[in-house]
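Each chain is listed here by its residues.
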Amino acid sequence: MDLRVFTEPQQGATYDTLLRVAQTAEELGYDAFFRSDHYLHMGNVDGLPGPTDAWITLAGIARETSRIRLGTLMTAGTFRLPGVLAIQVAQVDQMSGGRVELGLGSGWYEEEHKAYGIPFPKEKFGRLEEQLAIVTGLWETPVGERFGFDGTFYQLQDSPALPKPAQSRMPVLIGGHGARRTPALAAKYATEFNIPFASVEDSERQFGRVRAAAEERGRKGDDLVYSNALVACVGRNDAEVKRRADAIGREVDELKANGLAGSPAEVVEKLGRYAAVGSQRVYLQMLDLDDLDHLELIASEVMPQAR
């Protein structure tokens, strides 16, 4: 099972902090560094010093790392026009030497849209469908040919469909808990399906829906990678687990029930339960970005057993 680092910078992190986490993750052997795409903090934090932009951040980190893959869980479809997003992601992929992955979602956090003057449309899922068609269509159009799109929400005319990503096929992540439209969308466009903060049982059910939807489209269910995103709180002993839980404002029992918390052995056991229902990759939500020892502990005592 691949283990990836997943950060939430809107809760309070500078670019330098994120770069330090990404470089440490690369040195420790993690598969990827991902970040959320939000402009406003959540919960009882001040969010200082303020938000950082996901794709500007990843562009910088792309030039300061060499191996680790980079991406978003999830880029908010409400933040960017799809043609602009296709250019941004392709450029960062070039800057990284082909290490970028695009997670794209519809956007959901209305308060951040109000805070920064971003339109928050009522019909978001239909827009997401068109965004995926446009972004992937622009990348897949052969050089020298033109791309056009006439949708309900977006229209493109005579686009040169440039630039192209460094990768011949850009990994696209789609995720969520929806029972019908989400699996269908993943089956059509995704290389990976991610379910965030879900139980083993809910993950198994949703993975099954996506596999069925893929097969209905003529794809094999195994064409997609299946992954989870789960909060991590690991310690060598109970006191260390509690200290890390306190640092992120969470209760140990709740974290053990809903995330990956406890001793390395406990976390390895729970990862095994997710693997048994088809999860191949886990995004470890790291909420205390100053605690690099946490990354080292997971890398040394969980990662070797998970793989």
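Here goes a summary of the coordinates provided. Not measured: the values here are computed from a predicted model.

## Here's the deal with the packing of aromatic side chains
All chains considered together, the criterion is met by six aromatic pairs. Pairing Trp-108 with Tyr-109 gives two aromatic rings, centres 5.1 Å apart and planes at 25°, and the pair type is stacked. Taking relative accessible area as the criterion, Trp-108 reaches 54% and is therefore assigned exposed. Under the relative-accessibility criterion, Tyr-109 is labelled buried at 11%. Their ring planes at 90° and their centres at 6.5 Å tell us that Phe-193 and Phe-207 sit as a pair that is edge-to-face. Here Phe-193, found in strand E9 (residues 192–196), pairs with Phe-207, found in helix H7 (residues 200–216); they are 14 residues apart in sequence, far enough to count as distant. For the pair Phe-193 and Phe-207, a shared accessibility class is recorded, and that class is buried. Chaining the aromatic ring pairs together yields one cluster made of Tyr-39, Phe-79 and Tyr-116.

## Some words on the pattern of salt bridges
Within this structure, the stated rule accounts for 23 salt bridges. With a shortest N-O distance of 2.6 Å, Asp-222 and Arg-211 are connected by a salt bridge. With Asp-222 in the loop between H7 and strand E10 (225–234) and Arg-211 in helix H7, this residue pair connects regions lying eleven residues apart in the sequence. With relative accessibility at 61%, the residue Asp-222 sits in the exposed group. Salt-bridge contacts for Arg-244 lead to Asp-291; the nearest nitrogen and oxygen are separated by 2.5 Å.

## With respect to the nonpolar core
In terms of nonpolar packing, the biggest core is built from 78 residues, with Leu-3, Tyr-30 and Phe-33 touching the most fellow members. Per element, the largest residue contribution to this core is eight residues, and it comes from helix H5 (residues 125–140). Look past the residues within four positions of Leu-3 in its chain and what remains in contact with it is Tyr-30, Asp-31, Ala-32, Leu-271, Val-282, Leu-284, Ile-298, Val-302, Met-303 and Ala-306.

## Quick look at the pairing of E9
In terms of residue burial, E9 counts as a mostly covered element, since four of its five residues are buried. Taken together, the three bridges between strand E8 (residues 172–175) and E9 define a ladder with parallel strand orientation. The partner of Gly-175 across the bridge, within E9, is Asn-194. Note on the crossover from E8 through helix H6 (residues 181–189) to E9: the handedness is right-handed.

## Quick word on the side chain of Thr-7
Examined against the element boundaries, Thr-7 turns out to sit in strand E1 (residues 2–7). Looking at Thr-7, the relative accessible area reads 0%, which means it is buried.

## With respect to the environment of Gln-285
Secondary-structure assignment places Gln-285 in strand E12 (residues 281–286). Between the C-alpha atom of Gln-285 and that of Pro-121, which follows or precedes it by 164 residues, the distance is 28 Å. Setting aside residues no more than four positions away along its own chain, Gln-285 makes contact with Phe-6, Glu-8, Phe-197, Leu-230, Val-231 and Ala-232. Side chain to side chain, Gln-285 and Glu-8 meet in a polar contact 2.9 Å long.

## Some remarks on the environment of Glu-112
If you trace the backbone, Glu-112 turns up in helix H4 (residues 110–116). Remark: the alpha-carbon pair of Glu-112 and His-41, spanning 71 residues in sequence, is separated by 8.3 Å. Contacts of Glu-112, omitting those with residues within four sequence positions, involve His-38, Tyr-39, Leu-40 and Phe-79. A distance of 2.9 Å separates polar atoms of two side chains, one belonging to Glu-112 and the other to His-38.

Thresholds applied
Positions within a chain are numbered from 1, following the residues in the order the chain's sequence is written. Where totals are concerned, whole chains, interfaces and linings use all residues; where local detail is concerned, this predicted model gives features only for residues with pLDDT of at least 70, and gives and counts side-chain atom pairs only at 80 or more. By convention in this description, side-chain values take in all heavy atoms of the structure and omit both hydrogens and water. Note on aromatic contacts: the rings of Phe and Tyr and the six-membered ring of Trp form a pair at centre separations within 6.5 Å, being stacked when their planes are under 30 degrees apart, edge-to-face when over 60 apart, and tilted otherwise. A 1.4 Å probe rolled over the protein chains alone gives each residue an accessible area, and that area as a share of the maximum for its type sets the label: buried under 20%, exposed over 50%, partly exposed in between. Think of it this way: any DSSP run of H or I at least four residues long counts as a helix, any run of E at least two long counts as a strand, and we number them from the N terminus. Any carboxyl oxygen of Asp or Glu within 4 Å of a side-chain nitrogen of Lys or Arg constitutes a salt bridge here. The definition of a nonpolar core used throughout is a set of buried Ala, Val, Leu, Ile, Met, Phe, Trp, Tyr and Cys residues joined through side-chain atoms within 4.5 Å. Any two residues having at least one pair of non-hydrogen atoms within 4.5 Å are treated as being in contact. Paired strands are those between which DSSP finds at least two bridges. We call a crossover right-handed when, viewed with the strands running away from us, the connection from the first strand over the helix to the second turns clockwise. Two N or O atoms count as a polar contact when they lie within 3.5 Å, although within protein this holds only if one can serve as hydrogen donor and the other as acceptor, and sequence-adjacent residues are included solely when both atoms are side-chain atoms.

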